[in-house]
Each structure stands twice: as structure tokens, then as C-alpha cells.
Amino acid sequence: MYSITKWIKENRAEAGLIFLAVIFFFIYSWFYLGTAAESAKFNSPDEAANYFFIKNYVAEGSLKVFEPLNLTTGGIIHPRSITTAGGNLIPGSFLGLILIYGWLAKIFTLGVIWWLTPFFAGAAVFFLYGIVKSIFDRRIALWSSFLLLVHPAFWYYASRGFFPNVLFVSLLLAGFYFLVGRKKPGTASWNYVNFVLSGLFFGLAMAVRLSEVIWVGAALFLLFLIYRKNLKWSEVAIFLFSAGVAFVPVFLYNRMIYGDPFTTAYNLGQGAAVGGGTAWFATALKFIFPFGLQIKNVLKNFSTYFVGMFWWFAIPAAFGASVFIKKLVAGKLDKKIIVYLSLGGFISLFLFLYYGSWFFYDNPAKEASIGTSYARYWLPIYILSLPLVAFTLIKLVDFIRPLKEKFFAALLCLIFILFGVNLTFFDKNDGLAYIYKNVWDYAAIAETVNVTIPSEAVIIVDRADKIFFPEHRVITPLREESTYTAIPELAKILPLYYYGLPLAEKEMDYLYDGRINREEIEIVEIKNFGAETLYQLKYLK
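All values reported here derive from a predicted model rather than from experimental measurement.

## Digging into the overall build of the protein
Move 1: Across its full length, the protein carries 24 helices and 8 strands.
Move 2: Since a compact globule built from 541 residues should have a radius of gyration of about 24 Å, the 26 Å found for the protein is in line with a globular shape.
Move 3: Dimensions of the protein, computed from the C-alpha atoms along their principal axes, are close to 85 × 55 × 55 Å.
Move 4: Looking at the protein as a whole, 50% of its 541 residues qualify as buried.

Here it is, written out as C-alpha cells:
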């Protein structure tokens, strides 16, 4: 009998990778277990919204929560990342993560949700290993898998698992693994099983982030064109059918929540664009590149979020790319590697143009940080570049004399881990250590406010919705015409508060200058929390 001990002796590097993956599974899990699992508070409204709907789905089987006040206030009673329809609070994002984690929580209890993204992240490492090994070789596959584990962007969002991006790339890697990463089975039935599994994983990936369908669909179509002579139409049909089956629940829930199978939170209430002449081209271009094509922004974001932030990955990736391009020109590259580099180049260029044309910061300091959306939107690019980084590191290791080769390889691994720890945990704006403290500060503020104001109170906030929802109904932001309109009506029937930056005399004058009636509403300071203050908006008449 083939023993585990014998396998470990024959595959020590793979065994080491499994050992590391298990360790990182617990490292990824640490953040939520130490914060949200105990406090039910998050640093982002996206995370808070996903948790709210997962929890409600497990308890009530629904992704809608009725809020009667929305029927009389124009639907403004909701936090960011949640929208409203017919008085109901409904998800403001794609439904895939909520449904997948909700189904699993129904099976394994709600406590499993803190472990799910770390689990999928660990599985992604081995799917990547299988893909890269089938295209390049075993050493590049091993290094690529290790580099994925310690890449700061992957590490960071595997730890903040209610963002959908790590789940998305994990499902995508699983889909590609069963499509191209496995050796062709000896029997036709097992080959069909691979196409079924690949289709299911691709369908689930699209359910999680449907916005990526353009480049994923294009990549699959190009693969079909390249390998169409090796494919049977029955295999293509099984793949498409399986992907459709995986996506069907999303259509059903879209209809139940948004009123139409093809409506999502992102196009809710939008009519169909109609135009003549060349208008169709502008419509198509806006669909493909919704943020336009701003090359100056693309170059700036590429410089910041691909090269500057992760330079120890970018430099060896550039060297590896140059070597492979030289081999390509010399006609010395295998077809599989050419296909990988071509598709990888196409996907990377598309994502650079798609998201890079958009320019924004996600933190109040307006500084580049690992918590900025580019770092998670460009996860596919970082992953695609890993074999190039691995190739360069292998060349570096091979320069060392055999006796010191293993020591140098271990040193390189340690350097990449330390750089990863530094950026993932200690980024000055969004590092996990910084956010860990923030979340517990939010929990303390919420606890104090909860005992200070009535449970039925409504709180107007600017960015603090994640602190008070769902214990209290929230409106965001204060400085919005719809909020000013709703204030007197709400203050008549419910305790109404504002939590935000302190309102200096100049700010008070601004609010009372035609926005809030001084004769109707008195703004009274209740409690200061350092950088922010709680006020009550009292109805006087």
C-alpha cells in the first residue's frame, strides 16, 4: 500500500507547500476571528452588508428586509452598499458570495463563514499549482503557488473575506484547472466530469463577480478558437450547460429581489439605452469600458498599484517577461506557454484599461494603500504574473553553488514573507493591524451609543454606517438634499441623531442656511468621541 510517509519523502516540496497552505489558512482566518466574529463590526460597508444578508439568509431564507420608513422617506433609510426597492433593504452588490456562503452556513451553521474565504484561498494555491505545472514545469508551479500565498493583495483580501475578490479568483482558478490544468483522463466519462466541474466553477465565479464576464468570456472564446480541433461539441455543450446551471439561482434571486432576472443592484432602475446612427458604438464602448479610456490614469495607477506598491514582484516579473519574449522571437517557446502569455497579456491589458481609467482613493487620507480597490480588482493580473516572478527567482537560485542553493531559496522565501507581512499588516492607512484597532474602536463606540440613545432612533451618518447598522437605522450622508427634506418629518415621529465630524459654528450656519429650519430643528451635542461627535436633531414645534 502506498503510504503517506512514502509520498512525503518523494514529494517533499509539495508536502512543504501543503504545510504552508495549512498555516496560512489559519493566518488568513485570524483577522475575522479576532474582530468581526466577536464584535459583528467591520471596517467596510461592503463587508458589513454581505454579512448582514448572509446572516438574514440563514435565519429567514430571504435577501430582502422590510423597512417601513422607506415607504415615506423615498427609500433613504439604508447604509452604503445596501439599496432599497419597495421599502425593502436589498443587496447593493452581486449576489454570488451571499448565496454561496449562505448555503454553506445553512449546512454547517453560521460560524463557518469566518473560515470560508481562507479555505477557498488555500484551495486556489493548489489549483494554480496544477495549472502552472501543466503549462510550465514543476519548479515554476511550486514557486508560483508559494508566491500566491504570500502576495500582499491576496493575503490581505483572503483575510478580509467578505470582499468577493479572493472567492472570485479561487473559483476561476478551479474552473481553469479542470479545463486545462489536468491531464486528460483515460475514459470519456471522466473527461466529461472535468468539463462539468469546470463549467460549474466558472458559473459560480460569474455569480460572484458578473462584472468580469467580458474578459473571462473573451479568454474562454480565444481558448476555444485555439484548441477547437481538440474539442468535441458535446464537451462544449456540457461546459456551457454546467456554467448555466451554476448561474440559474442568481437569475431566480435577481427576479425575486430586483424584479427581473437580468437586473442587478448595479443597473437597478436604469432603462435600456437606445440610439441610432453611431450611438450603438458609444453604448457598446461604455458597456465594455464603463469608466471610459483614460490612458493618463491607467499609467498612473499601473505605476502605483502594480509597480510601486508590489515592486519586489514587479521587477522579477518584468525580467521573466523579457526572457520569454526573447525566446518567443527566437521560436523556442512551447505552444502552451505562448498561449498562456498571450492570454495573460490580453487579460492584464484589459484590466489595466478597464479599472485603471477610473481614478479614486478608498481612504479618507486620499493616499495609495493596499485597501484601495485597485489591489483587489487587479488580483487576476498579479496571479497571472506569478510564473514570470517564479522563473526569475529560480534563475537566481540556480546561480548559487549547489551547497548553498537551498539556503538561498529559503532566504528568498523569507524575504517575500517579510515584505508581505509589512505591507499586509502595517500599511499606514489600511494595514490589518491598523484596521484591527479600528474595528474594536467602532465596537466600543457602538456600545456606548447603544446605551445612550433609544433603540428605535435613526442615525444620520457620513461614513459611520458600518458602526451603527443594523442595530440602528441609518441615513447617509447628511449633506444631501433628500436628507435635509426627510429630517423634519423623521424628527417628528422618532428620535433623530447625527454622528460625524464636529459641527463648528461655520458648519452650523451652513446647515441652517436654507437646509435645516432653525425654528423646527435644534442640533444638540450629546457626546464627543474624539474625532467625531454625536448630535441629536430635536423637533421644536
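## A word on helix α15 (residues 295-308)
The α-helix advances 3.6 residues per turn, and as a result positions three or four apart in sequence lie on the same side.
Move 1: At F302, α15 shows its largest kink, close to 30°.
Move 2: Looking at the buried side of α15, the elements it contacts are α16 (311-329), α17 (335-356), α18 (373-377) and α19 (379-399).

## A look at the pairing of strand β4 (residues 458-461)
On any regular strand, side chains alternate: one points to one face of the sheet, the next to the other face.
Move 1: Going residue by residue along β4, you find V458 and I460 tucked away on one face and I459 and V461 tucked away on the opposite face as well.
Move 2: For β4 and strand β5 (residues 473-475), the ladder comprises 3 bridges, and the chain directions are parallel. Counterpart to I460 in the pairing with β5 is I475.
Move 3: Here β4 runs beside strand β6 (residues 496-500); their pairing, made up of 4 bridges, is parallel. For I460, the partnering residue across the bridge sits in β6 and is Y498.

## Points about the pattern of salt bridges
Between side chains of opposite charge, pairing is possible as soon as their charged atoms come close.
Move 1: Counted according to the given criterion, the structure contains 13 salt bridges.
Move 2: A salt bridge links R80 to D465; the shortest N-O distance between them is 2.8 Å. Within this pair, whereas R80 is found in the loop between α5 (70-73) and β2 (82-85), its partner D465 is found in helix α22 (residues 465-468), the two being separated by 385 residues in sequence.
Move 3: With relative accessibility at 24%, the residue R80 sits in the partly exposed group.
Move 4: For D465, a relative accessible area of 1% corresponds to the buried category.

## Here we look at unusual backbone geometry
Move 1: With omega at 10°, the peptide bond leading from F469 into P470 counts as cis.
Move 2: With respect to the helices and strands, the residue P470 is situated in the loop between α22 and β5.
Move 3: The amide bond that connects T476 to the next residue, P477, takes the cis arrangement and shows omega of -5°.
Move 4: Topologically, P477 is positioned in the loop between β5 and α23 (481-493).
Move 5: The phi dihedral of S81 falls on the positive side, at around 70°, and the residue is not glycine.
Move 6: Unlike most non-glycine residues, T109 shows phi in positive territory, near 80°.
Move 7: In this fold, T109 is placed in the loop between α6 (96-108) and α7 (113-135).

## Considering the sheet that holds strand β7 (residues 521-528)
Move 1: Strand order in this open sheet of 5 strands is β5-β4-β6-β8-β7, and the pairing throughout is mixed. Where the open sheet ends on each side, the last strands, each with one partner, are β5 and β7. Strand-to-strand twist of the sheet, defined as the mean angle between neighbouring strand axes without regard to direction, takes the value 30°.
Move 2: On the sheet, α23 packs against β4, β5, β6, β7 and β8 (533-539) and is oriented at approximately 70° with respect to β8.

## Some points on the packing of α16 against α19
Move 1: Interhelical geometry of α16 versus α19 gives an angle of 90° and a closest axis separation of 7 Å. Of the possible angle classes, the one that applies to α16 and α19 is roughly perpendicular. Of α19, the residues touching α16 (which contributes F313, P316, A317, F319, G320, A321, V323, F324 and K327) are S385, L386, L388, V389, F391 and T392.
Move 2: Residue composition of the contact of α16 with α19, grouped by class: 11 nonpolar, 3 polar and 1 charged.

## Focus on the nonpolar core
Move 1: Of all hydrophobic cores here, the largest spans 153 residues; its most connected members are W378, F468 and Y499.
Move 2: In this structure, F468 is in contact with K41, I445, A446, V449, I459, V461, V474 and Y499, ignoring residues within four places of it in sequence.
Move 3: One finds I487, L496, Y498 and I521 within the second-largest nonpolar core, a separate group that totals 24 residues.

## Describing the pairing of β7
Move 1: Here 7 bridges tie β7 to β8, and the two strands are oriented antiparallel to one another. Across the sheet, I521 pairs through a bridge with Y539, a residue of β8.
Move 2: Following β7, the chain reverses through 4 residues before pairing antiparallel with β8; G530 in that reversal takes a positive phi of roughly 85°.

## With respect to the confidence of the model for the protein
Move 1: Here the protein shows a mean pLDDT of 92. Residues at 70 or above account for 95%.
Move 2: Here helix α14 (residues 279-288) stands out as the least confident element of the protein, with mean pLDDT 66; helix α9 (residues 152-159) is the most confident, with 98.
Move 3: Across residues 271-277, confidence stays below pLDDT 50; counting only partners more than four residues off in sequence or on other chains, it has 1 contact.

## Here we look at the packing of helix α2 (residues 12-34) against helix α21 (residues 432-452)
Move 1: Axis separation between α2 and α21 bottoms out at 10 Å; the angle between their running directions is 20°. For the element pair α2 / α21, the angle class is roughly parallel. Side by side, α2 and α21 meet where W30, F31 and G34 of the first sit next to L432, I435, Y436 and W440 of the second.
Move 2: Partitioned by chemical class, the residues of the contact of α2 with α21 number 6 nonpolar, 1 polar and no charged.

## Re a nonpolar patch on the surface
Move 1: A cluster of nonpolar side chains, W311, I315, F407, L411, L414, I415, L418 and F419, forms an exposed patch at the surface whose accessible area comes to about 770 Å².
Move 2: Residue assignment for the nonpolar patch shows that the elements contributing at least two residues are α16 and α20 (402-426).
Move 3: For the nonpolar patch, the leading source of residues is α20, giving 6 residues.
Move 4: Tracing the backbone through its elements, the reader meets W311 in helix α16.

Parameters at a glance
Residues numbered from 1 in each chain as written. Predicted model: local features only at pLDDT ≥ 70, side-chain atom pairs only at ≥ 80, totals over all residues. Heavy atoms only, no water. Helix = DSSP H or I, 4+ residues; strand = E, 2+ residues; numbered from the N terminus. Rg over C-alpha atoms; globule rule 2.2 N^0.38 Å. Buried < 20%, exposed > 50% of the residue type's maximum accessible area, 1.4 Å probe, protein only. Bend = angle between axes of the 7 residues up to and from the residue. Contact = heavy atoms within 4.5 Å. Pairing = 2+ DSSP bridges. Salt bridge = Lys/Arg side-chain N within 4 Å of Asp/Glu carboxyl O. Axes fitted to C-alpha atoms, helices over the stretch in contact; angles between N-to-C directions. Parallel < 35°, antiparallel > 145°, perpendicular 65-115°, else oblique. Nonpolar A, V, L, I, M, F, W, Y, C, P; charged D, E, K, R; others polar. Core = buried A, V, L, I, M, F, W, Y, C linked by side-chain atoms within 4.5 Å. pLDDT = per-residue confidence, 0-100. Patch = residues over 30% accessible without salt bridge, like charges linked within 9 Å, V, L, I, M, F, W, Y side chains within 5 Å. Areas by Shrake-Rupley, 256 points an atom, 1.4 Å probe, with all protein chains shown as cover.

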